[in-house]
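Chain by chain, the residues run as shown.
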Amino acid sequence: MASPLRFDRRVVLVTGAGGVNDLGGDMKGLSKGSLAAADKVVEEIRSKGGKAVANYDSVEAGEKLVRTALEAFGRIDVVVNNAGILRDNSFARISDEDWDIIHRVHLRGSFQVTRAAWEHMKKQKFGRIVMTASASGIYGNFGQANYSAAKLGLLGLSNTLAVEGQKCNIHCNTIAPAAGSRMTQSIMTEDLVEALKPDYVAPLVLWLCHESCEENGSLFEVGGGWIGKLRWERALGAIVRQKNQPMTPEAVKANWQKICDFENASKPLSIQESIGSIIGVLSKIDSEGGISTNRTSHEASADPSAFAEIIGHKLPPFYSAYTELQTIMYALGVGASMKEPKDMKFLYEGSTDFSCLPTFGVVLAQKPIIGRDLPEFPGVSVNLGKALHGEQYLELHKPLPRSGNLKCEAVIVDVLDKVSGLVILLDVYSYLEEELVCYNQFSVFFVGSGGIGGKRVSDKAKVAVPVPNRPPDAVRSEVTSVNQSALYRLSGDWNPLHIDPNLAGFAGFDRPILHGLCTFGFSARHVLQQFGDNDVLRFKAIKARFAKPVYPGQTLQTDMWKEGNRIHFQTKVQETGDIVISNAYVDLLPTSEISAKPLSEGGELQSTLVFEEIGRRLEDIGHEVAKKVNAVFEWHITKGGHTAAKWTIDLKSGSGKVYQGPAKGSADATFTLSDEDFMEVVLGKLDPQKAFFSGRLKASGNIMLSQKLQMILKDYAKL
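Residues numbered from 1 in each chain as written. Predicted model: local features only at pLDDT ≥ 70, side-chain atom pairs only at ≥ 80, totals over all residues. Heavy atoms only, no water.

A.B. asks: What is the right way to read the overall build of the protein from this model?
C.D. replies: Scanning the protein from N- to C-terminus turns up 22 helices and 21 strands. Across the 719 residues that make up the protein, the buried fraction comes to 46%. In the protein, 71% of the contacts between residues at least 6 apart in sequence involve partners at least 24 apart. Accessible surface computed for the protein: about 35800 Å², of which carbon and sulfur atoms make up 53%. (Helix = DSSP H or I, 4+ residues; strand = E, 2+ residues; numbered from the N terminus. Buried < 20%, exposed > 50% of the residue type's maximum accessible area, 1.4 Å probe, protein only. Contact = heavy atoms within 4.5 Å. Areas by Shrake-Rupley, 256 points an atom, 1.4 Å probe, with all protein chains shown as cover.)

A.B. asks: Which parts of the structure should I look at to understand the pairing of strand β2 (residues 78–81)?
C.D. replies: Note on strand geometry: in a regular strand, side chains alternate between the two faces of the sheet. Burial of the side chains of β2 extends over both faces: Val78 and Val80 are buried on one face and Val79 and Asn81 on the other. Across 3 bridges, strand β1 (residues 12–14) lies against β2 in parallel orientation. Considered in β2, the bridge of Leu13 is made with Val79. Considered for its hand, the β-α-β crossover made up of β2, helix α3 (residues 96–124) and strand β3 (residues 127–132) is right-handed. (Pairing = 2+ DSSP bridges. Right-handed = clockwise from strand over helix to strand, strands pointing away.)

A.B. asks: How should I be thinking about helix α7 (residues 202–209) in this particular structure?
C.D. replies: Because each turn of an α-helix spans 3.6 residues, side chains separated by three or four positions end up pointing in the same direction. Buried residues of α7: Leu204, Val205, Leu208 and Cys209, and no others. End-on view of α7: buried residues confined to an arc of 130°, all on one side of the axis. (Arc of directions from axis to C-beta.)

A.B. asks: Looking at this model, I keep getting lost on the side chain of Thr114. Mind explaining?
C.D. replies: Along the chain, the position of Thr114 falls in helix α3. Only 2.7 Å separates the side chain of Thr114 from the backbone oxygen of Ser110, close enough to count as a polar contact. Setting aside anything within four residues of it in sequence, one finds Thr114 in contact with Val79, Asn81, Ile129, Met131 and Leu161. (Polar contact = N/O pair within 3.5 Å; in protein donor to acceptor, adjacent residues only side chain to side chain.)

A.B. asks: What is the right way to look at the packing of aromatic side chains in this model?
C.D. replies: Two numbers describe a pair of aromatic rings. These are the distance of the centres and the angle of the planes. A complete count under the given rule lists 12 aromatic pairs for this structure. Here the aromatic rings of Phe611 and Trp635 are separated by 6.0 Å at their centres, their planes lie at 65°, and the arrangement is edge-to-face. With Phe611 in helix α19 (residues 606–629) and Trp635 in strand β17 (residues 631–639), the pair connects residues that are 24 residues apart, well separated along the chain. Look at Trp635 and you get buried, because its relative accessible area is 5%. Here the aromatic cluster, defined as three or more aromatic residues joined through ring pairs, consists of Phe611, Phe633, Trp635, Trp647, Phe671 and Phe678. The ring of Phe126 has Arg10 sitting right over it, with the charged end atom 3.9 Å from the ring centre. The ring of Tyr551 is capped by Arg511, whose NZ or CZ atom sits 4.1 Å from the centre of that ring. (Phe/Tyr/Trp six-rings, centres within 6.5 Å; stacked < 30°, edge-to-face > 60°. Lys NZ or Arg CZ within 6 Å of the ring centre and 35° of its normal.)

A.B. asks: How should I be thinking about the nonpolar core in this particular structure?
C.D. replies: The tendency in soluble globular proteins is for nonpolar side chains to be buried as a group. Grouped together as the largest cluster of nonpolar side chains are 66 residues, with contacts concentrated most on Phe360, Leu400, Leu426, Val428, Phe520, Ile542 and Phe569. Looking at which element gives the most residues to this core, the answer is helix α18 (residues 516–531), with 8 residues. Apart from residues no more than four positions distant in its own chain, Leu400 is found in contact with Tyr322, Cys356, Leu357, Pro358, Phe360, Gly361, Leu364, Val437, Cys438 and His642. Counting 29 residues, the second largest nonpolar core, distinct from the first, contains Phe611, Val629, Phe671 and Ala691. (Core = buried A, V, L, I, M, F, W, Y, C linked by side-chain atoms within 4.5 Å.)

A.B. asks: Would you mind going over the packing of α19 against helix α20 (residues 675–682) with me for this structure?
C.D. replies: Relative placement of two packed helices is described by the angle separating their axes and the distance separating the axes. One can describe the packing of α19 onto α20 by two numbers: an axis separation of 8 Å at closest approach and a directional angle of 45°. Judged by the inter-axis angle, α19 sits oblique to α20. Contact with α19, carried on its side by Gln606, Ser607, Val610 and Phe611, involves Asp675, Phe678, Met679 and Val682 of α20 and no other residues of that element. Partitioned by chemical class, the residues of the contact of α19 with α20 number 5 nonpolar, 2 polar and 1 charged. (Axes fitted to C-alpha atoms, helices over the stretch in contact; angles between N-to-C directions. Parallel < 35°, antiparallel > 145°, perpendicular 65-115°, else oblique. Nonpolar A, V, L, I, M, F, W, Y, C, P; charged D, E, K, R; others polar.)

A.B. asks: It is not clear to me how the environment of Asp57 should be interpreted in this structure. Could you clarify?
C.D. replies: One can find Asp57 in the loop between α1 (36–47) and α2 (62–73). Sequence separation between Asp57 and Thr15 is 42 residues, and the spatial gap between their C-alpha atoms is 9.9 Å.

A.B. asks: When you look at the sheet that holds strand β6 (residues 226–230) in this model, what are you seeing that I'm missing?
C.D. replies: In any sheet, the strands associate via hydrogen bonds between backbone groups, in a parallel or an antiparallel arrangement. Ordered by their spatial adjacency, 6 strands build an open sheet running β1-β2-β3-β4-β5-β6, and the pairing between neighbours is mixed. At either margin of the open sheet sits one strand with a lone partner, and together these are β1 and β6. Taking the axes of each pair of neighbouring strands and ignoring which way they run, one obtains an average angle of 20° across the sheet. One ladder, built from 5 bridges, connects strand β5 (residues 219–223) with β6; its direction is antiparallel. Bridged to Phe220 within β6 is Lys229. Relative to β3, α7 is tilted by about 150°, and along the sheet it contacts β2, β3, β4 (170–177), β5 and β6.

In short, geometric facts, not functional conclusions.
Encoded structure:
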């Protein structure tokens, strides 16, 4: 014998059938009866050592029922929606009242009770719900149009609750029982009522409500000791339209046998499988070039030559301004962490080598995509709501400044017809004054807008490249936070699909998904860590194709292959094995090609003259000054928000010296400030202490030594 199923400390609410919420009415719900039905069940439960209370409210007052359970037992774990009545009549004779009351009791009543319990179940991360449907709802039955509609409505409700509740360990299933009860005793013989008594249904309900049962979103017929699970089955079907031709009823008639042939039928289990298989058929047709998506007469008249008006179209220029706050926020959004010491350069503006992650360049250029600023397509129906980010290319011409205001110019360089949709290639160039900093190419796929005969490929597209056919050279894994999408969206992509569970559910996801560009940023970090020593100066370009969604909290695994200065990679969800970024690569610069001055805004640095003059004067008094100071100072001079030069003032050894570049040993203190602010400090116009506390001067190391440095600057304040 298997060990008995226990329900210790579980609180169960059963509506109708005298167990344990019941009005005690007749099968039509007209007479209130004696209320003895519920009381009798309560007494039976108590006599066997259980605890129970009765409730006599209608299921339409769902909150009252749940409140009774909470007041008596402090929680609610299981809801069995079983209450029901009959108002049978042929369809032509059903009154509005008979229709409405059936739906109020069966469908609305189940909704009200379940909704009242739902939030409590979510908070406790446990819940089991059973809906009571009927064979009449599944198959139909004469004289029960109202009843059948309500009962099948319960199945739809149950299926959706199963999807929404799964992440909170709330399972919802549906039973279609053949059972004798007060509702059926007038239409069944006494012997049949006995043979189909509820005792032969209850064990299934108990199992579905048990904490160890993982069944979710299922439908069961049950009665007389027999139980069977039902599922949907779909015929293989037939495609009944020809390329660039209207769909006709004659084509439907000609293919009717295939449409109704269940040989090799499929059995979809979710809306994603259902829609996915249809999209799969379109992709297959697309690859074989046989048939295109069906279009309205207006759309079918569109000429591919209309694309000529779009290709080359320049969008209005726009500016992307940002400070260290935005670059740090982005770094956190793509997984940079203080647990990794090398990430401090991306998270702390006071770091001597504070840097902006290269992939932040996509954020600066994304306004036309997330702002839906793309133009109208003459003669072509394009739904911006059905836009998918297909691929992304980013190339850096200079490392991104730590802060700045970049002018961005966007142009549509090509439009491709993939039959099942259109692909728009959008190039965005970002400039700091007149200097090109970065270039992006967004590949945006518009579902359902293709099939008008445009070209399939473009020589202007940055091509995705398959990864090598061998084991990866390196693998890095990182767990995303459950708050990852909430954090990443602060970088400007406010699409509610990534934060709103209801909208995500409407789009077919069981919870909000992570931004594709967030996964993109994680992957780029992994490559830079593994093969670029986290040096942003080595980052040249990245190309990636977005394949599948990621849910916050999942683990991202980046597989990497090194081939020269190109690092091929793909990114998987470790828990499922799904590839979410494919055909991707990062191009790195060899260390020999890294520029000593990444971003000079033109013209020499004024600070250079000062350091050179300090060096000349130290030739005469350096020995005396070194005795007083006994320290090595390193200076990082910035221009346009990025380090343009490094200088070292060595007042520790010999007679002291000044040279360009980082300290040859270790610096005692390091100062970072702009060329302009350096001159303000030297000329006495900017107090160093005020500059430090305002964030204009960054210091690390033994910053108390800066007091000794003052004597140097004061001695040369007239420079």
